[in-house]
Each structure stands twice: as C-alpha cells, then as structure tokens.
Amino acid sequence: MTTLQSSLRNYSPAMLRAIAEANGVELASNQTSQMVEQLAALLRDADHLRASLVACTPAAQQALANLLRAEGRSPRPAFERSHGAIRPAGPARLERERPHLAPANPTEELWYRGLLHPAMVETADGLMEFLCVPPELALLLPPPPPVEQVFPPAPLPAAPGSVGDRPERDASGSVGDRPERGAVGSVGDRPERDAGGSVGDRPERDAVGSVGDRPERGAGGSVGDRPERDAVERGAVERGAVERGAVADLALHELCTLLCLAQAGLIALRDPADLLSWQSTSLYEYQRHSLQPPANPAWLTSDGPGSPAALALALAVELGWLRANGRRLALASAPTQAWLGASRAEQRDQLLAAWSGSTRWNDLCRTPALSCEQTGSWSNDAAGTRQRLLPLLAQLQPGAWYDLDALAAALQRYAPDFQRPDGNYDTWYIRQRGASAFLRGFEHWEQVEGALLRFVLSGPLHWLGATALAAADGAGLPAAVSLSAAGQAWLSGAPADSTPEPALLTVQPDFTVLVPGDAALLDRFRVARFTTWQGAMLTAGQPSFTYRISQTGLHRAAQQGVGTARVLAFLQARAASLPANVAAALERRGDGEG
C-alpha cells in the first residue's frame, strides 16, 4: 500500500496547498519537496490527526470507519458510489474555485484533509484504482467501532408452503398445461424408431422373451394396462414447481444420463475437435432423456438459460470425462468409472468442486432472466465470483430457511461488489432477455447481481444437492432457500455425511426395469447398457427411470463385451427380485451365446 509521503509527492503544488489550507495551516515553502515534508509531518502528528477527525462531519467519520474496517482501502468506484465522488479539479480550478473549503461529500472531506489517497494496486482481477488510508495514519487513528452484522439476514420462523400438491398434475402424473409433450422421453411422442431400439416402436419379438414367455396381460400388465407404468410414460416434469425441502441431485442424474448416451454411442459431433459441436439429433436425444429439458435443445451447448442437463455437460467437459472417437462422443473410462462407483456424497462433492472452479460454466450468462452480449470488450470472472460468494453463503445456518428477497437485500448491503470487485457497473453489456436496453449502473444491481444470486441458489447449488427450495403458497417460483446438510458440509469443508445404502432395482415380468432416484448411479449406467430407454419422471423432487430389456440392448452390450450371463448375474445381485420368466429368458439367451 502507498505511504503518505509517496502519495503527497504525486500531487501538484496547488493540491498540496489545498490540503494544507483544509487543515488550517500555511506552508512555509513553495518548493515541492519541502511542501511535502512539512505536510507529511503535520498529518502524522497524532494530536493534529485527532483534531482533524473530530472536525469532520459524522458522515465523513463513518466513511473513514468503513474504510478502516476494509483494511484501509476500497476500490475507488465502490467507495465513491457509497460516499460521493471526487469532482475533477486541476491546479487552476483548485486555486480558482477552492473546493477544499466546501467539500461536496464525505469522500471530498477526507480527500482534502489528506486522509484519503489514490493508489493503483495489482489484484487477482487486474490493475485497479483504490482509495486508501496510508498505513502510518491508520496506525494513529482510533479503531472503528464494530458494526451490526447484516449478512446473513435472520432466518424465517418456518418454510413457505410447498407446491407439491399443485392441481396442474393429474392422476397419471402429467401436467395439465403441457399435454402435448407427455413424459420426458416417453414412447408415445417419439419418432417412429427410438435411437436405442426400444420396445415401444418395434414388434414384440425384440423383447428378450418370446410371446409365450410372457404372463397374461392382466397378470404382468402391458404398458397400457398398468397405471404405475402410465405414470412413468406420460408423467411430465412440472417446470417451475418447487418442492419444499426436496433435494433431487438433478445435475448428478443428468450427468449419468449423458454418460449413458455417450457409452451407447448416441452423441454425434460435427467437428471432432470441438466436444460441444453436437449434431441436432444428439441435442434432441439428450433433451429427450432429460428430467428437466430446456425449451431449446441448442441451449445445452450454448449460453442459453441454464438447466441441470447443460450444467452436467459443461462439468463433464471441464473434468475431461468426454473425448472424441471419430465423430462420436466417447467416455474417458477411468475417471467416469471412478465417479460412478463413488458414494453419492463423494459424487456430489466432486461436481460441486468442479462447478466452483469452472471457467466453462458462466452462471451470469446462464441466468434465465439475463442475456450477456459478448462484444469482446468485457468479460466477467465466473469462477472468481463464486470464490467471493460461497464463503458468504457458508454463513447460512444449515436447515434454516431464508427469504430470497431478504437474502439479496442483505448481500447488497454487506458485499454488493461480490461479482465486480472494482465496483464499476458501467462497462458490462447485459440485457434482460428480450429487452433492448443495457443494464448499466449500480441502480440495476437487483436485476443483475440479485438475479444471479437467486439463480446460483436455485440453479447450480440446488441441482448439485447443496440447497433445498420452497415456494410461497400458491406460487411456483422459489421464495425461500435452505442449505442442505450436504451443502453445509461442502461449504464448510467438513466431511460429508455417510450415504444411505443405495436402493435396489425393480424388474417386472414384462422385462421393464425401474430405477429409483436413490439407486446407485453405477447401477443405472449398467442397466442402460443392455436395455432401451422408456421414460423418466420427477415426482416430489425425486426422479425415477424406466428401461426395457430388449434384444437391441443386449446386442449392444455384447458388442461392448458384456454378455448375457453377466447381465443376469448383475440383475440377480442388484434387483429386489427377478421374475422367473425374465431369468429363464436371459438364461436361454446366455446358453445360446455360449
């Protein structure tokens, strides 16, 4: 930090005389070096410094106290935004208008009294101009009184109401205002042939068992006859609904889906050198399998509004888990197998760590309400923003609920510049989506920083299992947030809680395999290798996935070195029970392979 003497040497004689006159003294020399010596000795005098501070207005005293609490320095735009800007004044204007005798604001008071000086400082965010209290003066000033903690705000006495019982969802699980889509990846609205060769659009002979192996329709139930299957087939994800306390680990499930598709060779690239140059059919395929598909498949690989699937893709690329195999996207086997085989807590922590340091995923440009105009003249530091924000969020009480509006207001008071440490709000080109005007100036903090905060809490942190959300009664948008136990442990660096034993799979007599959301991700990955996709749904914040054992799936698995005998052994180990007709059909096929 700059010293008092070095700061004074940078001033013109007119400025040195202005500081002296503001302090009630007359300099004895017109030689700059002697003026600096006399003025530095005056300002370092403890008695004079105390008297000078007492003569300041209460607002200037408060501004100085704020600066001392910030280790004696603040980015100039931020300090001037809070306490007033210093009017430009060259030597002629200083001598003509004498602004030091009538300062316009607290910043000018401290400036002309010689208590505040500029300094260019090299920071992690680049070269920035600060306003500083020279260290020798800071040592002589009384310590600032403590201030009342303003972040985090007081938690709510109780969580807002859940919207889990909203009337839009009918008995089958579908959403009343989205009848045209049906289930996520449902059979009924697919193209005539599923990319994986699913049973729903092929003759029955594609199933592993012959028609004779199947039970009566009433006993085993066809797809159309069983209401629980209908719920999976037709139930759509209710976009915008927020379940109180639900932590669905959506990004983890979407990443598992991505790995399953890549393992099956269903992701085609336009350019092998660019892992995000997906062909439109591949974008559709990932969107079709997604629990919360984006409205536009192109948003998966671009800076459109964020989604769990888009985050999963960005983190997989960031972690180096994907590679090009010709024009197909393939897996880096070792790291993906290690992640799939880890506990759910370890999987979550690895993705949270990858997101917190990611340079590929830009939370600001993914915020649904905002559009970043990439002109090349500005950029935001997404990873740096997280590093400044996450320690603040770690102060939230685990399990307590916080009103999102109150949280944003408290952050604006306590650390408004968490995203722009230079305090400059005039250089970024950001619009609200669909609007023409740029959001420039601190007056748009709520529209930009406030929107970003809400997105981080209800988007990436929620999708990665670190936060739970709640909506106000009758509303669909999140109104309150709570740190989950996993989120609090990760933010504080504490060991993750032990993960419950993974749930088992359910195999039904019609060769359907049901995978609950709390099953091991490795189990779902293995199921996807020898089955065809049927559908998925999200109920009360928890997903479930449906597959069908088929000739197409078993043939694909065999090509990858997984024979039917291994499939049978896996199902015997990881399914709650294995229907006799399914086991018999797999045994016959295995004998045929032998």
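Here, the structure is the one placed above.
Parameters and conventions
- Residues numbered from 1 in each chain as written.
- Predicted model: local features only at pLDDT ≥ 70, side-chain atom pairs only at ≥ 80, totals over all residues.
- Heavy atoms only, no water.
- Phe/Tyr/Trp six-rings, centres within 6.5 Å; stacked < 30°, edge-to-face > 60°.
- Helix = DSSP H or I, 4+ residues; strand = E, 2+ residues; numbered from the N terminus.
- Buried < 20%, exposed > 50% of the residue type's maximum accessible area, 1.4 Å probe, protein only.
- Pairing = 2+ DSSP bridges.
- Core = buried A, V, L, I, M, F, W, Y, C linked by side-chain atoms within 4.5 Å.
- Contact = heavy atoms within 4.5 Å.

Visitor: Hey, could you go over the packing of aromatic side chains for me, with residue numbers and the actual values?
Guide: Under the definition given, this model contains eleven aromatic pairs. Ring centres of Trp 321 and Trp 339 lie 5.4 Å apart, and the angle between their planes is 45°; on these two criteria the pair is classed as tilted. Of the two residues, Trp 321 is situated in the loop between helix 14 (308–318) and strand 4 (322–325) and Trp 339 in helix 15 (residues 333–341); the sequence distance between them amounts to 18 residues. Seen in terms of ring centroids, Tyr 425 and Phe 442 are 5.1 Å apart; in terms of plane orientation they differ by 90°. Their pairing is edge-to-face. Taken together, the residues span a long stretch of sequence, with Tyr 425 in the loop between helix 19 (404–414) and strand 8 (430–432) and Phe 442 in the loop between strand 8 and helix 20 (445–458) at a distance of 17 residues. For Tyr 425, a relative accessible area of 4% puts it in the buried group.

Visitor: Give a description of the sheet that holds strand 7 (residues 402–403) that names residues and reports values.
Guide: Reading across from one edge, 7-10-9 is the order of the three strands in this open sheet, with antiparallel pairing throughout. Two strands close off the open sheet at either side, each with one partner strand: strand 7 and strand 9 (467–471). Relative to strand 10 (residues 478–483), strand 7 is paired through two bridges, and the arrangement is antiparallel. If you follow Asp 403 over to strand 10, its bridge partner there is Ala 480.

Visitor: A description of the nonpolar core should follow, citing residues and the corresponding values.
Guide: Side chains of nonpolar character tend, in soluble globular proteins, to be buried together. Formed by 109 residues in total, the largest nonpolar core has its most connected members in Trp 355 and Leu 461. If you tally residues by element for this core, the top one is helix 12 (residues 250–263), at ten residues. Setting aside its immediate chain neighbours within four residues, Leu 461 contacts Leu 352, Trp 355, Leu 390, Leu 393, Val 456, Ala 466, Thr 467 and Trp 490.

Visitor: Quick one: what's the story with the sheet that holds strand 12 (residues 512–516), residue by residue and with numbers?
Guide: On the basis of which strands lie adjacent, the open sheet formed by four strands has the order 11-12-14-13 and antiparallel pairing. Lying at the two open borders of the sheet, with one neighbouring strand each, are strand 11 (506–507) and strand 13 (531–539). Sheet topology note: the strand 11/strand 12 ladder contains two bridges and is antiparallel. Looking at strand 12, one finds that Thr 506 is bridged to Leu 514.

Visitor: Describe the side chain of Glu 109, and please don't skip the residues or the numbers.
Guide: Note that Glu 109 resides in helix 8 (residues 106–112). Apart from residues lying up to four places away in sequence, Glu 109 is in contact with Cys 56, Thr 57, Ala 60 and Pro 103.

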